[in-house]
Amino acid sequence: MVTPRISYAHLLAKPNPKHVESLLKFFESGRAQRGTGGFGVEIEHLPVHNGSDTAVSYYEPNGIETLLKRLAPYYDEAKEYWENGHLVGLARPGVSVSLEPGGQVETSIGILKKPSDLITLYTKFRREADPILKDLDFRLVNYGYQPKSSFADVPVNPKDRYDAMTDYLGRVGQFGPCMMRCSASTQVSIDFVDEHDAIEKMRLGTVIGPILAYFFRNTPYFEGETNPWPLLRQRMWDYLDFQRTNVIPGLFDPRFGWEDYAIDVLSTPLMFADLTHTPEAVASGASPKELHRPAFRENAGDVYPDRELNPYEINHIISTHFNDVRLKNFVELRHWDSLPIERAERLTEIVASLFYVPENRERLESYFDGITEEEVFEAKANIQAHGRQASPYGQPLEFWKEFLGLEGLLADIPGDPNHPDVFQE
């Protein structure tokens, strides 16, 4: 009898051993390149028209494409990202601007040495963007979902990846097009020093993420109506495509390590194959559409050559997974709605306190020692079912507010200054 090392997901898929080794080296490089204490923060913004509060699309006159072109002089020309003849991304040291499928404007900021650095870099982005936005007659809103528009009213931007995702996620799960076109988030990335540290941070982030998400909830609307779910973002992702979302399979098994995560990622159908940085594919004379193509059934081993993967290929493969916590060469915590910058800074301060202050980290690890995947699922469902009366992990929300140090949450700062009285209940 042969017992697999860990038996959780994709049991009949066989990832390429060279690809597994590539991911292990990639994770190890995070340890080599970073110490402890750094941050990366991503804030997605919903573009809405002044007056009507409806979604602004990429293609419309004075829309998202126009915004990016007018922002471009502030960024490095060599780092512009174009696809299908359209500008879809900008970058310079410390800040990049990219687009989510429905034209959501994402600012990625870091690496930060302390949470307060976030305000400095973000303020510069807004100082440049706000006069352009005023001239274009739309604004960037920090809610978890579009306030007025339905997913059906929002076209995807011109990335081939998003066409494939629309086709795939529109046929599986419950909320694929809603998530893609109308949702927006805040994500915080943290460092790790070795494999054990990374796995422990992934576990703790997965455990406490839904609780933090409740205290930082910021989604008043869903599909033009009052949002009925305490955690809409969680609801959408949990019911989207279970093989690439929710809790990482096997994460709470004591044997779980980087290799198990690599095998899970490499065994999942890619959904979309990006071969633009695969030399063998480029040299073959493949057309642009062949280098960017759907891969609904194929996993990485079916798509990429029998060799070690390069960094671009690795990042693409990992980017097709959307777990609550994601491992790259850093740990990415992904639970939270789009937040105004002051609240995003406060969230980052809390993350710093919980993960980087040794006594707080030890207290969390001790409290949650032995927790199971099923208990995490129960806690998430408990919050969704009971809202402010919830008792995740058997304790009321007031307990968690004190235990996690959730003071000064700045909950009175609106996600849209044009509607200062609108908050999620």
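Going by the structure above, here's the rest.
Each chain has its residues counted from 1, running along the sequence as written. Totals for whole chains, interfaces and linings use all residues, but because this is a predicted model, local features are given only for residues with pLDDT of at least 70 and pairs of side-chain atoms are given and counted only at 80 or more. Note: side-chain values were computed over all heavy atoms of the structure, leaving out hydrogens and water.

Undergrad: Mind showing me how you'd approach the pattern of salt bridges here?
TA: One side chain can pair with another of opposite charge once the charged atoms of both are near each other. Salt-bridge detection follows one rule: a side-chain nitrogen of Lys or Arg within 4 Å of a carboxyl oxygen of Asp or Glu. Scanning the entire structure with this criterion turns up 28 salt bridges. Across the salt bridge formed by Arg 70 and Asp 135, the nearest N and O atoms sit 2.7 Å from each other. Taken as a pair, Arg 70 in helix H2 (residues 64–71) and Asp 135 in helix H3 (residues 117–136) lie far apart in primary sequence, 65 residues in all. On the accessibility criterion, Asp 135 (52% relative accessible area) is exposed. Asp 117 is paired through a salt bridge with Lys 114; the nearest N and O atoms lie 3.1 Å apart. The buried label applies to any residue whose accessible area, calculated with a 1.4 Å probe on protein chains only, is under 20% of its type's maximum; exposed applies above 50%, and partly exposed to all values in between. Given a relative accessible area of 21%, Asp 117 falls into the partly exposed group. The exposure class of Lys 114 is partly exposed, given its relative accessible area of 44%. Taken together, the shared-partner salt bridges in this structure form one network comprising Asp 197, Lys 201, Arg 361 and Glu 365. Numbering of helices and strands runs from the N terminus; a helix is a DSSP stretch of H or I covering at least four residues, while a strand is a stretch of E covering at least two.

Undergrad: Is there a simple way to explain the packing of aromatic side chains in this structure?
TA: The description of an aromatic ring pair uses the distance of the two centres, along with the angle that the planes make with each other. Stacked, tilted and edge-to-face are the three classes assigned to paired rings of Phe, Tyr and Trp, where Trp is represented by its six-membered ring and a pair needs centres within 6.5 Å; plane angles under 30 degrees give stacked, over 60 edge-to-face, the rest tilted. A complete count under the given rule lists 26 aromatic pairs for this structure. A ring pair is formed by Phe 242 and Phe 377, whose centres lie 6.2 Å apart and whose planes are at 45 degrees; its orientation type is tilted. Placement of the pair is Phe 242 in the loop between helix H7 (232–238) and strand E10 (245–246) and Phe 377 in helix H15 (residues 373–386), with a sequence separation of 135 residues. Ring geometry for Tyr 367 versus Phe 403: centroids 4.9 Å apart, planes at 50 degrees, classification tilted. Placement of Tyr 367 in helix H14 (residues 358–367) and of Phe 403 in helix H16 (residues 397–403) is noted, with a sequence separation of 36 residues between them. Exposure remark for Tyr 367: the relative accessible area of 33% places this residue in the partly exposed category. Here the aromatic residues Tyr 367, Phe 368, Tyr 393, Phe 399, Trp 400 and Phe 403 are joined through ring pairs into a cluster of three or more. Across the ring face of Tyr 214, the terminal group of Arg 217 is positioned such that the distance to the ring centre comes to 4.0 Å. For a ring to carry a charge above it, either NZ of a lysine or CZ of an arginine must fall within 6 Å of the ring centroid while also lying within 35 degrees of the normal to the ring plane.

Read these as layout, nothing more, since geometry by itself doesn't imply function.
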